[in-house]
Amino acid sequence: MSEADGTPAAQPRDTALYPPLSPGQTGMRGLCPRCGQGRLFKGFLALEPRCRVCGLDYSFIDSGDGPAVFVIMIVGFIVAFLALYVEFTFQPPIWVHIILWFPLVIGLSLGLLRPLKGLMIAIQYRTKAEQGRVEG
């Protein structure tokens, strides 16, 4: 609060240079959560050390096992529903289930892991979760 008129004091932010971007726009596409132009990943899941466009240091990032947990829940729900539907509708032999669901589980898991990791990193940046981290 300002002492003179009781209005809140302005806090410095980087929004003048980098307007807030949607985590869905940046994270799901693997782009820098601040500028939306630099790459977030240098490999399939390995992160760049910093953004090559705006210089944001990615050392604050700690997505942990969050993306894997969401992938397990999403893929598990989809495959369990489809497997039960196929079993009760067509009653195929077990080898049909193996041929159908093993490639689907692998494909969906690999296809969802990177976008969900990028989304969690972008949400972490957006909510400034790195500020609450305890150094030890």
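These numbers come from a predicted model, not from an experiment.

With respect to the helices and strands, Lys117 occurs in helix α3 (residues 94-126). Buried charge without a salt bridge: Lys117, with Asp62 as the nearest opposite-charge side chain at an N-O distance of 8.5 Å. Once residues lying within four places of it in the same chain are set aside, the contact partners of Lys117 are Phe41, Leu45, Ser63 and Pro67.

Of all residues in the protein, 83% have pLDDT values of 70 or greater, and the mean over the chain is 86. Here helix α1 (residues 23-26) is the element of the protein with the lowest mean pLDDT, 92, and helix α2 (residues 66-90) is the one with the highest, 97. A low-confidence stretch, residues 7-13 stays under pLDDT 50, and its non-local contacts, those more than four residues away or across chains, total six contacts.

A separate point is the UniProt feature "transmembrane region" (unreviewed entry) in the protein. Residues annotated in UniProt with the feature "transmembrane region" (unreviewed entry) correspond here to residues 68-88 and 94-113. Helix makes up 100% of residues 68-88 and strand 0%. Its end C-alpha atoms lie 29 Å apart. A helix fraction of 100% and a strand fraction of 0% characterise residues 94-113, whose end C-alpha atoms lie 28 Å from each other.

Next up on the list: the nonpolar core. Listed in full, the 12 residues of the largest apolar core are Cys32, Cys35, Leu40, Phe41, Cys51, Cys54, Leu56, Tyr58, Phe60, Ile61, Ile121 and Tyr125. With seven residues, the next largest nonpolar core counts Ala83, Val86, Trp101 and Leu116 among its residues.

Parameters and conventions
All residue numbers refer to positions counted from 1 along the written sequence of the respective chain. Restriction of local features to residues with pLDDT of at least 70 applies here, the model being predicted, together with a cutoff of 80 or more for giving and counting side-chain atom pairs; totals for whole chains, interfaces and linings are based on all residues. Based on all heavy atoms of the structure, the side-chain values leave hydrogens and waters out of the count. A run of DSSP states H or I qualifies as a helix once it reaches four residues; a run of E qualifies as a strand once it reaches two. Both are numbered from the N-terminal end. When accessible area is computed with a 1.4 Å probe and restricted to protein chains, residues below 20% of their type maximum are described as buried, those above 50% as exposed, and intermediate ones as partly exposed. As used throughout, the charge tally considers Lys and Arg to be positive and Asp and Glu to be negative, leaving His and the chain termini uncounted. Throughout this description, the term salt bridge denotes a Lys or Arg side-chain nitrogen within 4 Å of a carboxyl oxygen of Asp or Glu. Here, residues are in contact when the closest pair of their heavy atoms is within 4.5 Å. pLDDT is a per-residue confidence score from the predictor, ranging from 0 to 100. UniProt positions are given in the numbering used here, feature names are shortened, and annotations may be inferred rather than shown by experiment. Nonpolar cores were defined as sets of buried Ala, Val, Leu, Ile, Met, Phe, Trp, Tyr and Cys residues, with membership established by side-chain atoms within 4.5 Å.

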